Amino acid sequence: MGHVKSLVAISLTALVTIFPNPSVANEISEQIASLLGAKLDVSSTLPDSKSLDAEILVPRFYEERDFTPAWARDVLSDELFDELDSAIEQGFRPEDFDLAELQAAFKAAQSGDVSNQALFDILATDAAVKLVHHLVFGKVDPNALDDDWNFSKPVIQQDPAVVLNQFLQGEGFSALIERIDIDNAQYMMLVEALSKYKAIALQGGWTNVPDETVLKPEMVDPAVAKLRERLAAEGYVETSGSSEDGENGTNPAWVYDDSLVKIVKSFQSRHGLEADGVIGGKTFASLNKPVADRINKLRLSLERGRWLMREVDDEFVLVNIAGARTYLVTSDGTLWTTRSITGSAYRKTPVFRDEIKYMEFNPTWTVPASIFRKDKLSRIRKDPAYLTRNNYVVRNKDGQTIPANAVNWGANNPGVTLVQQPGPDNALGLVKFMFPNKYAVYLHDTNDKTLFDRNERNLSSGCVRLEYPFEFASLLMEGEPDWSRQKMQSILDSGKTTRVDLPEPMPVLLTYWTAWVEDGVVHFREDPYERDARILTALDR
């Protein structure tokens, strides 16, 4: 990722070396040891009540190098400020690295005062350690916010203090950052999108569109001119229209014409709204979200990316729960996507990582106990023919099939399990994609395709339904010599439950993004599980 100096950085190229000779360096070493309370005492004696965030690692780092200054070469200081700038481009704040304090310490170090030079060196190391930590792990600990989080943190094989010393004495700090940078197309596109929206903010953002009147195609209304300005500010249109009156004295900028309708439909599609060109409550609400809201959604997606994108294989499946879409990324960079249905706010799809190991065609569906109690039991009591009509069998606690009329359905817990038999009416459809997990969540077909036409598709009981599951199955088996569309169809036609193992397990990431980039454009969604606010608070803390 390129590192471009921003206005935040101090220009370092014209400055002389901070530490000019060995004798001065020795004095600085003594000052560093003194400021850190000598050896490994965690409590430092920094002036002006300054404190270290990496209060354990920084003293160990200096002990590894006998307290000699670490940032004595101009190029290292230059690289540090460049990398901090780059981090801010990735959604961090200057305050996350005490950048203003670090800049002030750097200026003071130019005076030649040994104590100032020692202080800058320590603060630079503290900022570098925080930067490395935040890039590798993220600033926010997801485990502290979600008990169901199961993405493991990257394993650090070497002592960070030793590694940082090796790079500062060798290839340099930027080489270390390059080593840990996330090499993922989505992450880099999010960085670019964030830059775009920050630039919009610097230009003043956008003004609200008056929402007193629902705007429909071909209408003439002064609010249409504001609509043009609003969309132009975000880059949807190049111009806000002419201010000169047209025929019959009508201002063309007030006319909700076909070209503007097309642009509005694009906006609606990118925000998960009904793309009909009619601007009502939900579209007005999206239009009138401030640019700061969009910036924060992108920052949140970047933070979530840092949690899970570091150790992703070349090929993987990604489910965006908030966006209700599923993607398959292949090793050649091809991206396949399908609309999905994900868990409702009451039965959330969990965020976790696993591997798809096999597919099951013509599956049965064992009704989970929670769905049995909350949904099925009341239906059976009202409609005795419900089980037969929907092809369910009843099994007792020993797994034996028993007659439905042998069960006391009026009991709070009848002590039985329902299993829906294979067929086109099965709730799982005709295929499911299995990655056995404690949540009993998987990807599957569905017997109700109409739900995919909804814009808000957080509707399931936790599993993920795919609009085009057979295309997905073919892609998962691509290159397998014994597999073909014809073979898949013959299995389906047999009506028998059939397991097909994948040639290799396919990583699957169930994620939650309210902003992402697809086909070169940014998409935003509302927050169906109301998770963004907590993470944003922690990110800004």
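Counting of residues starts from 1 at the beginning of each chain's written sequence and follows it residue by residue. With pLDDT at 70 or above as the cut-off, local features in this predicted model cover only qualifying residues; side-chain atom pairs require 80 or more to be listed or tallied, and sums for whole chains, interfaces and linings still use all residues. Computation of side-chain values: all heavy atoms of the structure, hydrogens and water removed.

(A) How the structure looks around the overall build of the protein chain. Working definition: helices are DSSP H or I runs of at least four residues, strands are E runs of at least two. Numbering for both runs from the N terminus. Each helix and strand in the protein chain was counted, giving 17 helices and 15 strands. Along the first, second and third principal axes, the C-alpha set of the protein chain runs to 95 × 80 × 50 Å. Expressed as a percentage of its 541 residues, the buried residues of the protein chain come to 51%. Per element, the accessible surface of the protein chain, about 25700 Å² overall, is 49% carbon and sulfur. When charges are counted, neither His nor the chain ends are considered; positive counts come from Lys and Arg and negative counts from Asp and Glu. In plain terms, the charge of a residue is placed at NZ if it is Lys, CZ if Arg, CG if Asp and CD if Glu. Each charge class in the protein chain can be summarised by its mean position, and for the 58 positive and 80 negative side chains these summaries are 9 Å apart. Partly exposed describes any residue whose relative accessible area lies between the buried limit of under 20% and the exposed limit of over 50%, with all areas from a 1.4 Å probe on protein chains only and scaled to the type maximum. Only the protein chains shown count as cover for residues, with accessible areas throughout obtained via the Shrake-Rupley method and a probe of 1.4 Å.

(B) Main features of a negative patch on the surface. Only residues whose relative accessible area exceeds 30% and that form no salt bridge enter a patch; like-charged residues are grouped when within 9 Å of one another, and nonpolar side chains (Val, Leu, Ile, Met, Phe, Trp, Tyr) when within 5 Å. Here, a salt bridge means any Lys or Arg side-chain nitrogen found within 4 Å of an Asp or Glu carboxyl oxygen. Negative charge collects at one region of the surface, where Asp313, Asp314, Glu315, Asp332, Glu355 and Glu478 lie side by side. With respect to the helices and strands, Asp313 occurs in the loop between α12 (291-308) and β1 (316-320). For Asp313, a relative accessible area of 46% corresponds to the partly exposed category.

(C) Main features of the sheet that holds strand β7 (residues 401-402). Should DSSP find at least two bridges between two strands, the strands are taken to pair. The four strands lie next to each other as β5-β8-β6-β7, forming an open sheet whose pairing is antiparallel. Looking along the sheet, the strands with just one partner apiece sit at the ends: β5 (365-366) and β7. Pairing analysis gives two bridges linking strand β6 (residues 392-395) to β7, with the strands arranged antiparallel. Pairing of Arg395 across the sheet is with Thr401, part of β7. Contacts are assigned to residue pairs with any non-hydrogen atoms lying within 4.5 Å of each other. Note on method: axes are straight lines fitted to C-alpha atoms, helices fitted across the in-contact stretch only, with angles between N-to-C directions ranging 0 to 180 degrees. Docked against the sheet, helix α13 (residues 369-382) engages β5, β6 and β8 (417-420), running at close to 80 degrees with respect to β8.

(D) Structural detail: helix α16 (residues 485-494). Within the span of α16, buried status applies to Met488, Ile491 and Leu492. End-on view of α16: buried residues confined to an arc of 100 degrees, all on one side of the axis. Within α16, the exposed residues directed more than 90 degrees away from the buried face are Gln486 and Asp493. For α16, the elements touching its buried residues are β4 (352-361), α15 (469-476) and β13 (498-511). Gly495 occupies a position one or two residues after α16 and carries a positive phi of about 75 degrees. The directions from the helix axis to the C-beta atoms form the arc being described.

(E) How the structure looks around the side chain of Arg299. Position of Arg299 among the secondary structure elements: in helix α12. Owing to a relative accessible area of 6%, Arg299 belongs among the buried residues under this scheme. If we skip the residues at most four places from it in the chain, Arg299 touches Gly91, Arg93, Leu194, Arg306, Leu536, Leu539 and Asp540.

(F) Structural view of helix α9 (residues 222-233). In this scheme, a helix's expected span is set at 1.5 Å multiplied by one less than its residue total. Between the first and last C-alpha of α9 there are 18 Å, a value that for twelve residues agrees with the 16 Å anticipated at 1.5 Å per step. Looking at the buried side of α9, the elements it contacts are α10 (258-270) and α11 (281-287). N or O atoms closer than or at 3.5 Å make up a polar contact, with two conditions inside protein: a donor-capable atom paired with an acceptor-capable one, and, for residues adjacent in sequence, both atoms drawn from side chains. A side-chain oxygen of the first residue of α9 lies 2.8 Å from the backbone nitrogen of Ala223; this N-cap is Asp221. Immediately beyond the C-terminal end of α9, within one or two residues, lies Gly235, with a positive phi of roughly 95 degrees.

(G) View of the packing of α12 against helix α17 (residues 532-539). For the pair α12 and α17, the least separation of the axes is 10 Å and the interaxial angle reads 80 degrees. It follows that α12 is roughly perpendicular to α17 by the angle criterion. Contacts from Asn296, Lys297, Arg299, Leu300, Glu303, Arg304 and Trp307 in α12 reach Asp532, Ile535, Leu536 and Leu539 in α17. Classes in brief: Ala, Val, Leu, Ile, Met, Phe, Trp, Tyr, Cys and Pro nonpolar; Asp, Glu, Lys and Arg charged; the others, Gly included, polar. For the contact of α12 with α17, the residue count by class is five nonpolar, one polar and five charged. Convention used here: angles under 35 degrees read as roughly parallel, angles over 145 as roughly antiparallel, angles from 65 to 115 as roughly perpendicular, and any remaining angle as oblique.

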